[in-house]
Amino acid sequence: MTEPLLITVAPTGAETAKADCPQLPTTLDELVETAVACEAAGAAMIHVHIRDDEHRPSLDGKRLEDTVVALRESTSLVVQLSTGGSVHDPLELRLKVLDAEPDSCSLTMGTTNFGDDVFSNPWPFVTELYQLSQQREVVPEFELFDLGQVHALTRLLDKYGPPYGGKVHCDLVMGVPGGMNGTADALVAAVRDLPASVTSWSATGIGRSTLAVMYASLSKGGHLRVGMEDVLTISRGVPVESNAQLVERAVEVGRLAQRTPMTTAEARVLLGVKDRSAA
Ligand code: KMH
Ligand code: ZN
């Protein structure tokens, strides 16, 4: 008997320049091609950041809508849009991401130093985005960059009640310069403090913390997020060839831990996403 494993792929992010990494999927065609390959490899959810024609991070409403439609046409992946965007995106635009009607949205639980920048998530913004996700029937994935944000999740749920769909899914984003360390010890501390109402959680380690966090997550019964948003080398000094390569590695490591990649249908049940197929 093996336990199901949710693998989320975060293929693009907002931080890496196309010029520095030509294999980064930045156009809609590249994103859809990546999504198809990652679903075939074992991913069940995709965390999406989009780019403009110059490959710069974008929160353009029409592009977001077209992206959601295109991903739904070509895959059955759970489509999660980033509301984090880039560190330069205004809060008002980040709220408008939900207009594109994704299955899920990321929702970061507090402000974090992000390298030399600040990833801004003031409490009033967090609560507004959360209530909007409830109204729009979009399942949030709570992004937790440090222990304080784990605590803030308890506060949010106590005050505003459960998310749309009734499930509480979190993602520990570890190893960001300014956030919690990407180590097994930090992961154990974060998991220990998760609210009792959490129904599932995944973890990802940025850069060289990717493997430590992957193994720690599996050993604590967690799920995995992988992708070129988070790591650009497959081993020291060796560039990642594709997002599917990272998904394949997660499947293999999961297999050794006696975990089987979840289907997209199973992921929809796990996360409580709305059936938008008739829409
Ligand atoms: N790009 C980071 C500043 C999210 O997608 O919600 C924020 C981020 C988190 O990637
Ligand atoms: Zn992101």
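Scroll up to find the structure this text is about.
Keep in mind it's a predicted model, so treat the numbers as computed, not measured.

Description of helix 9 (residues 264-271)
And step 1. All buried positions along helix 9 are accounted for by Thr264, Ala267, Leu270 and Leu271. Buried residues of helix 9, viewed axially, fall in a sector of 110°; they line one side. Facing away from the buried side of helix 9, by more than 90 degrees, are the exposed residues Ala265 and Val269.
And step 2. The first or second residue beyond helix 9 is glycine 272, which carries a positive phi of 75°.

Some words on the site of ligand 1
And step 1. Glu15, His47, His49, Ser82, Gly84, Gly85, Val87, Ser106, Thr108, Phe114, Phe119 and Glu229 make up every residue found near ligand 1.
And step 2. Here glutamate 15 contributes a side-chain N or O atom positioned 2.7 Å from a nitrogen atom of ligand 1.
And step 3. Histidine 47 is positioned such that a nitrogen or oxygen atom in its side chain is 3.0 Å from an oxygen atom of ligand 1.
And step 4. Protein chains bury 97% of the 300 Å² of accessible surface belonging to ligand 1 in isolation.
And step 5. Residues of the shell around ligand 1, tallied by class, amount to three nonpolar, seven polar and two charged.

Quick word on the sheet that holds strand 11 (residues 169-174)
And step 1. Taken together, eight strands build a closed barrel; the order of strands is 2-3-6-7-10-11-12-13 and the barrel is parallel. For this sheet, the mean angle separating the axes of adjacent strands, direction not counted, is 25°.
And step 2. Where strand 11 meets strand 12 (residues 200-205), six bridges bridge the pair, whose relative direction is parallel. Directly across from histidine 169, in strand 12, lies its bridge partner serine 200.
And step 3. Strands in contact with helix 8 (residues 243-256) are strand 2 (7-9) and strand 13 (223-226); relative to strand 2, the strand with the most contacts, it is inclined by about 165°.
And step 4. Taken strand by strand, helix 9 contacts strand 3 (45-48), strand 6 (78-81), strand 10 (139-144), strand 11, strand 12 and strand 13, and its axis lies near 55° from that of strand 6.

A few points about the pattern of salt bridges
And step 1. On inspection of all chains with the given rule, the structure shows 15 salt bridges.
And step 2. A salt bridge links lysine 18 to glutamate 30, with the nearest nitrogen and oxygen atoms 2.8 Å apart. Residue lysine 18 is located in the loop between strand 2 and helix 1 (28-41), and its partner glutamate 30 is located in helix 1; the two are separated by twelve residues in the primary sequence.
And step 3. Through salt bridges with shared partners, a single network forms among Asp171, Arg225, Glu229 and Asp230.

Reading the values: the criteria
Residues numbered from 1 in each chain as written. Chains lettered and ligands numbered in written order. Predicted model: local features only at pLDDT ≥ 70, side-chain atom pairs only at ≥ 80, totals over all residues. Heavy atoms only, no water. Buried < 20%, exposed > 50% of the residue type's maximum accessible area, 1.4 Å probe, protein only. Helix = DSSP H or I, 4+ residues; strand = E, 2+ residues; numbered from the N terminus. Arc of directions from axis to C-beta. Near = heavy atom within 4 Å. Polar contact = N/O pair within 3.5 Å; in protein donor to acceptor, adjacent residues only side chain to side chain. Areas by Shrake-Rupley, 256 points an atom, 1.4 Å probe, with all protein chains shown as cover. Nonpolar A, V, L, I, M, F, W, Y, C, P; charged D, E, K, R; others polar. Pairing = 2+ DSSP bridges. Axes fitted to C-alpha atoms, helices over the stretch in contact; angles between N-to-C directions. Contact = heavy atoms within 4.5 Å. Salt bridge = Lys/Arg side-chain N within 4 Å of Asp/Glu carboxyl O.

Note that every value here comes from positions in space, so none of it alone points to a role or purpose.
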